[in-house]
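# Architecture and fold: a report
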Amino acid sequence: MADDRFHVYDTTLRDGAQQEGLNLTVVDKLAVARHLDALGVGFIEGGWPGANPKDTEFFRRAQTELDLKHAQLAAFGATRRAGMKAADDPLVAALRESGAPVVTLVAKSHDRHVELALRTTLQENLAMIRDTVSHLRAEGQRVFLDAEHFFDGYKSNPDYALEVLRTAAEAGASVIALCDTNGGMLPDELAEVVHAAVGTSARIGIHCHDDTGCAVANSLAAVKAGATHVQGCANGYGERSGNANLFTVVANLQLKRGFDLVPKEALADMTRIAHAITEVTNVTPNSHAPYVGVSAFAHKAGLHASAIKVDPNLYQHIDPAEVGNDMRMLVSDMAGRASVELKGRELGYELAPDTSRELVNRVKEMEAKGYTFEAADASFELLLRDTVAGESRRHFQVESWRVIVERARGGEVVSEATVKLHAKGERIVATGEGNGPVNALDRAVRLGLERLYPELAGVELIDFKVRILEGAHGTDAVTRVLITSSDAAGEWSTVGVDENIIEASWQALEQAVTYGLLRAGHTA
Ligand SMILES: [Zn+2]
C-alpha cells in the first residue's frame, strides 16, 4: 500500500462519472480501478453504495475481483439524515457494509447550504457530522470528510466553515478535503483559505473543479499552502468543465516539486494508462492534454528541427519518457530535410541524403495538393516506406471499388459497397453494408481480408474528419479526409485527398488498413 505521507485520491468513478456523455458499467468501473491502481494512486473512490445500485454492486464485486496493489477503495456517502441516529440510517449502513476500508463523507460547510439545501440548523449539521464520523470510526473504517462548498462557505461564514472542520477532526476524521464545489476559485485566494484551514484540524485535502481553468493550479496552490491530500480525476473527467486532472497534478508534483507520489515506473506508464482509460470511458482522448496528450511533445518541424536534432532538451520541459510519452516531429509544409530525417529516425529509418531529399519533395508536392501529414503520421510512414523501398509494396492490391447509396422505401438511407481486391495470390470480391458509404467500404474491405488477416478484427475506425479545402489558383475545391484507427496498442491516423469525398475517404481507409497490418507485424 502507498505510504501515508501524501495522499493521491482518485474520484473518477464517482465525481468523474458525472461527466456529460460518460456512462460506466460495473465492469468498466472495475477496469478503470485496475488502471488507476497500476498508476499507483493511494485511494480510489468507487462510488456511492446504497444511493446507487450499480455502485453497491461495484463494491460487492470489488471485494473478490479487484486485487489492488497500491490503492485502497473509498466509499462515498453523506452524513446521516437530520433527526436520527447514524447507526439507524440505512444509507450509513450501506457505507458500513460496502467493505471499503475508507469512507468519504460529504458534509455541508456552507451555512446557507445547511439552511436552504439541507433545511436543518447549523447545530444539527455539526451533530450529523460528529455522529456519523464517530459511528463509522467505531465500526472500524477510516473516515475522510469532503467539506462541500467549503470555499464559498468560508466567504459566507468563516467561523462556521472552520467549525465544521474541527468537529469532523475531533470526531475522528483523518482527512478533511476542502471542496471547491462550484469551481470558481483562483489560486491566490484559494491558497489563503487553505492556509487558514491547515492546523485547525486533521490532514487537509483539496478537491477542485475546473470551471475557471485553474483546477490543477488550485490543487498545486493548496499543496503549497499545506494540503497533503489531493483529489482529482483521470483525464480531468467531471461535470461541467471537469475535475482537476489527476495525471497533470501527479506529474507536476512529482517531476517539478520532488514529491514521491507514485512509483517511477508507473509514472513512466502514465501516457498508456491515460489512453487505456479513454478506451473504457469511450471519450475521445484530448490530444493537447498536458504530459499524456499525443501532441504534448509534438514539435512543428522546420525552424526548430535542426536544433532539436542537436539537443531535444532545448525544446521540451521534461523528458517525455518520464511520463511514457514521445517527442514527435510534425511534418508540415515547412518541412526541411532536417525534420524529415528526424522524423525518419523517430520511426526507425536512417535516411540517406538522396532519399530524404526525394521524400521532402514528395511531401511538398502532396501538401500542395491538400494533404497534411501533421495529423497523419501513419500516412507519412507509408510514404516514407514507399520512398525507401523504391515502390509501393502493400498487403493487398485494389482492382476496383463501388458504392451505392439508396434511400429505401421507408425513407431509410442505406449504403452498400463492393470491393475487388488481390491478396496473397487470391482475387477477393466482398460486399459490405453500412449506414454511410465509408462505413460500407470499411465493412467490405474487412470482410474481404479478415480471413487472410484475422488481426483486422482488432482494428477499429474510431474517428473520421472531413474538411473542404478551398481551391487555389483556379483549381476546384478538394476534400480532405482524416481517419483515425485503433488497435489494442494505440491509434494512428491516415489522410486522403480528392475532389470526390468517397475517393478521399477510400485513400485514407486503404492506408488505415495497410498500416494496421504493418502494426500487426505483417510485412507485405
Ligand atoms: Zn466534486
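Let me begin by describing the structure that accompanies this report. Given the structure is predicted, the values throughout are model-derived calculations rather than measurements.

## Observations concerning the overall build of the protein chain
From N to C terminus, the protein chain includes 18 helices and 16 strands. Projected onto the principal axes, the alpha-carbon positions of the protein chain cover approximately 80 × 60 × 45 Å. Looking at the protein chain as a whole, 52% of its 524 residues are labelled buried. Within the protein chain, contacts between residues at least 6 apart in sequence are counted, and of these 66% link residues at least 24 apart. When the accessible surface of the protein chain is split by element, carbon and sulfur atoms take 48% of a total near 23,200 Å².

## A few points about the sheet that holds strand 11 (residues 397–407)
What the 3 strands build is an open sheet, ordered 11-12-13; its pairing is antiparallel. Sheet topology places strand 11 and strand 13 (426–434) at the edges, where each strand pairs with a single neighbour. Neighbour-to-neighbour, the strand axes of the sheet open up by a mean angle of 10°, direction not taken into account. Two elements, strand 12 (residues 413–423) and strand 13, share 9 bridges in a ladder whose sense is antiparallel. Looking at strand 13, one finds that His422 is bridged to Arg427. Contacts from helix 17 (residues 437–449) reach strand 11, strand 12 and strand 13, with the element oriented near 145° to strand 13. The strands that helix 18 (residues 501–519) touches are strand 11 and strand 12; relative to strand 11, the one it contacts most, it runs at about 130°.

## What to know about the coordination of the zinc ion
The zinc ion binds to the protein through Asp15 (OD), His207 (NE2) and His209 (NE2), with metal-donor distances spanning 2.0 to 2.2 Å. Donor residues for the zinc ion sit on one chain with the sequence pattern D-x191-H-x1-H. Linking Asp15 in the loop between strand 1 (7–10) and helix 1 (26–39) with His209 in the loop between strand 7 (203–208) and helix 9 (215–224), this pair joins segments that are 194 residues apart in sequence. Judged by its relative accessible area of 5%, Asp15 is buried. For His209, a relative accessible area of 3% translates into the label buried.

## Comments concerning the packing of helix 15 (residues 353–368) against helix 16 (residues 377–389)
Running from amino to carboxyl end, helix 15 crosses helix 16 at an angle of 135°, the nearest separation of the two axes being 10 Å. Overall, the two elements helix 15 and helix 16 adopt an arrangement that is oblique. The way helix 15 lies across helix 16 gives a crossing that is right-handed. Taking contact as the criterion, the partners of Thr355, Glu358, Leu359, Arg362, Val363 and Met366 in helix 15 are, on helix 16, Phe380, Leu383, Leu384, Asp386, Thr387 and Val388. Looking at the contact of helix 15 with helix 16, its residues break down into 7 nonpolar, 2 polar and 3 charged.

## Here we look at helix 14 (residues 337–346)
Side chains that are three or four residues apart share a direction in an α-helix, a result of its 3.6 residues per turn. Listed in full, the buried residues belonging to helix 14 are Ser339, Val340, Glu341, Leu342, Lys343 and Gly344. After helix 14 finishes, the residue Gly348 shows a positive phi value of roughly 95°.

Criteria and thresholds
Residues numbered from 1 in each chain as written. Predicted model: local features only at pLDDT ≥ 70, side-chain atom pairs only at ≥ 80, totals over all residues. Heavy atoms only, no water. Helix = DSSP H or I, 4+ residues; strand = E, 2+ residues; numbered from the N terminus. Buried < 20%, exposed > 50% of the residue type's maximum accessible area, 1.4 Å probe, protein only. Contact = heavy atoms within 4.5 Å. Areas by Shrake-Rupley, 256 points an atom, 1.4 Å probe, with all protein chains shown as cover. Pairing = 2+ DSSP bridges. Axes fitted to C-alpha atoms, helices over the stretch in contact; angles between N-to-C directions. Donors = N, O, S within 2.8 Å, 3.2 Å for Na, K, Ca; no water. Parallel < 35°, antiparallel > 145°, perpendicular 65-115°, else oblique. Left-handed = near helix turned anticlockwise from the far one by under 90°. Nonpolar A, V, L, I, M, F, W, Y, C, P; charged D, E, K, R; others polar.

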